[in-house]
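# Architecture and fold: a report
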Amino acid sequence: MWDLRRLRLLRELQLRGTITAVAASLNFSASTVSHQLAQLQREVGVPLLVQDGRRVRLTPQGVTLAEHAARVLDLETRARDELGAMRTGTERVRVAALESVVRALLPRALTLLEQTRPDIRVEVDAVSPEEGLFELEAHRYDLVVAEEYPGHTRPHAEGIEREVLGFDAISLATAGTSGATSIADFRGSPWVMEPPGTAARDWAEQQCRAAGFEPEVRYVASDLHTHLRLIAAGHAVGLVSELVGAASGGGLRFLDLPGRPHRDIFTATRGALRDRDSVRLVRDALGTAFSELVAAGAATEPGVPD
């Protein structure tokens, strides 16, 4: 029998790329990870790793086994969850969601679930889509709510299934006293944007460049309420989605961007979890919460972008 813990380490190495990263993620020492992978290689009887400079990489046999390990780990997770539900009467769904969704949709979605299925325990981390989607593959989460900006598609990982939740229009936000009429009027103005490397930051910079200037990004924050407060106080301008703007409490002026762009809000889960009742119900509750925002005029109906 091959040790399941060692198979998990091999899958983690496939995802994270280095033994150091695997060790940091699982709170092991690098030497422990190396030792366990060497032991797995002896158990399997074929070469799984090969030295590549100062690193190791998976051999073709290692890649094959890691892919099978991912499916085995899905079955192990499902078995644990089902047995846990039998023992406690509660089924857990681990969710990663971008901050705007946590603020705008999660409270209502949780209320809906409590009314219909109080036996489902939802655990939520507000993290970037980049982190959430990566950790979904690594089995840290069961369901992820992420976004995709126009022209900035996210990779489609094998075994990950998506569903569009809705469309979230994006506008230029400025203080209510501003007399500007277009994004080009803010050449030289201080901007607030999300951290470099995020899809939101890349897309925002591209909008400024398309208008003929490089933005002066004076403020960087992942907390979107910080964006709103800086903009409302007249210290910055920024690009804000309807889900975020709905929580502004006033004091902002919103200007349409060329083409009235929107971001896609979608949910993602591993294929093995797609038909699990608890995951489906959490997805449905989020969809209902989004539909209610559409009815209130704070979001765009799925399939009907502005």
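In this text the structure is predicted, and so the values were computed from the model without any measurement. Throughout this description, residue numbers start from 1 for each chain and increase along the sequence as written. Confidence filtering applies because this is a predicted model: local features only for residues at pLDDT of at least 70, side-chain atom pairs given and counted only at 80 or more, and all residues used for totals across whole chains, interfaces and linings. Processing note: side-chain calculations cover all non-hydrogen atoms of the structure and skip hydrogens and water entirely.

### What about the overall build of the protein?
How we decide: Only DSSP runs of H or I with at least four residues qualify as helices, and only runs of E with at least two residues qualify as strands; both kinds are numbered from the N terminus onward. A 1.4 Å probe rolled over the protein chains alone gives each residue an accessible area, and that area as a share of the maximum for its type sets the label: buried under 20%, exposed over 50%, partly exposed in between. Contacts are assigned to residue pairs with any non-hydrogen atoms lying within 4.5 Å of each other. Reported accessibility uses the Shrake-Rupley method at a 1.4 Å probe radius. Residues are deemed covered only where the shown protein chains occlude them. Only four residue types enter the tally: Lys and Arg on the positive side, Asp and Glu on the negative side, with His and both chain ends excluded. Note on charges: their place is set at NZ of Lys, CZ of Arg, CG of Asp or CD of Glu.
Secondary structure summary: the protein contains 11 helices and 11 strands in total. For the C-alpha atoms alone, the extent of the protein along its principal axes is close to 70 × 50 × 30 Å. A total of 306 residues make up the protein; the buried ones form 46% of that total. In the protein, the share of contacts with a sequence separation of at least 24, taken over all contacts with a separation of at least 6, comes to 74%. Accessible area of the protein: about 14900 Å², with a carbon and sulfur share of 51%. Once the 35 positive and 42 negative side-chain charges of the protein are each reduced to a mean point, those two points are 5 Å apart.

### Description of the environment of L106
Following the sequence through the fold, L106 ends up in helix α6 (residues 106-116). Sequence separation between L106 and A285 is 179 residues, and the spatial gap between their C-alpha atoms is 8.9 Å.

### Some words on the environment of L281
Structurally, the position occupied by L281 is in helix α11 (residues 277-295). The exposure class assigned to L281 is partly exposed, which follows from its relative accessible area of 22%. Taking C-alpha positions, L281 is 9.8 Å from A109, a pair spaced 172 residues apart along the chain. Not counting residues up to four positions away in its chain, the partners in contact with L281 are L113, R117 and I120.

### Some thoughts on the packing of aromatic side chains
For the record, the criterion: When the centres of two rings from Phe, Tyr and Trp lie within 6.5 Å, Trp using its six-membered ring, the rings pair. Their planes under 30 degrees apart give stacked, over 60 give edge-to-face, and anything left gives tilted.
Counted by the stated rule, this structure contains two aromatic pairs. Ring centres of Y149 and W203 lie 5.4 Å apart, and the angle between their planes is 35°; this geometry places the pair in the tilted category. With a gap of 54 residues between them, Y149 in the loop between β5 (143-148) and β6 (160-175) and W203 in helix α8 (residues 199-210) connect regions that are remote in the sequence. With respect to burial, Y149 and W203 carry one shared label: buried. Relative to F213, the ring of W191 has its centre 6.3 Å away and its plane inclined at 40°; by these criteria the two rings are tilted. Here W191, found in strand β7 (residues 190-193), pairs with F213, found in the loop between α8 and β8 (216-220); they are 22 residues apart in sequence, far enough to count as distant. With respect to burial, W191 and F213 carry one shared label: buried.

### Observations concerning the pairing of β8
The line we're drawing: Note on pairing: DSSP must find at least two bridges between two strands before they are called paired. Every crossover in which the path from the first strand over the helix to the second runs clockwise, viewed with the strands pointing away from the viewer, is termed right-handed.
Inspection of the sheet shows β7 paired to β8 by four bridges, in the parallel sense. Residue pairing for β8: M193 is matched across the bridge by V220. Chirality of the crossover, the property in question, places the unit of β7, α8 and β8 among those that are right-handed.

### Here we look at the pattern of salt bridges
This is how it is decided: In what follows, salt bridge is the name for a side-chain nitrogen of Lys or Arg lying within 4 Å of a carboxyl oxygen of Asp or Glu.
Enumeration according to the criterion identifies 35 salt bridges in this entry. A salt bridge links R117 to D119; the nearest nitrogen and oxygen atoms lie 2.7 Å apart. Look at R117 and you get partly exposed, because its relative accessible area is 22%. Residue D168 is joined to R263 by a salt bridge in which the shortest nitrogen-to-oxygen separation is 2.9 Å. Here R263 lies in strand β11 (residues 262-270) and D168 lies in strand β6, a separation of 95 residues in the sequence. When sorted by exposure, D168 lands in the same class as R263, which is buried. Through salt bridges with shared partners, one network takes in E130, E147, R154, D168 and R263.

### Observations regarding helix α2 (residues 19-26)
As a reminder, the rule being used: By arc we mean the arc of the directions from the helix axis to the C-beta atoms, nothing more.
Among the residues of α2, those classed as buried are I19, V22 and A23. In a view along the axis of α2, the buried residues occupy a sector of 100°, so they form one face of it. Summarising the geometry of α2, the exposed residues directed more than 90 degrees from the buried face are T20 and A24. Lining the buried residues of α2 we find α1 (4-16), α3 (30-44) and β2 (55-58). Phi turns positive, to about 60°, at N27, one or two residues after α2.

### Considerations on the environment of P195
Inspection of the secondary structure puts P195 in the loop between β7 and α8. Sequence spacing of P195 and A221 is 26 residues, and the spatial spacing of their C-alpha atoms is 6.3 Å. If near-sequence neighbours (up to four positions away) are discounted, P195 is found in contact with R201, V220, A221 and S222.

### Details of α8
For clarity, the threshold we go by: The span expected for a helix works out to 1.5 Å for each residue beyond the first.
Counted at 1.5 Å a residue, the expected span for α8 with its 12 residues is 16 Å, and the 16 Å between its end C-alpha atoms agrees. Buried within α8 are the following residues: A199, A200, R201, W203, A204, E205 and C208. Taken together, the buried residues of α8 touch α7 (129-137), β6, β7, β8 and β9 (238-241). Downstream of α8 by one or two residues, G212 has phi in the positive range, about 100°.

### Quick notes on unusual backbone geometry
In this structure, N27 takes a positive phi of about 60° despite not being glycine. In this structure, N27 sits in the loop between α2 and α3. The class for N27 is exposed, based on a relative accessible area of 71%.

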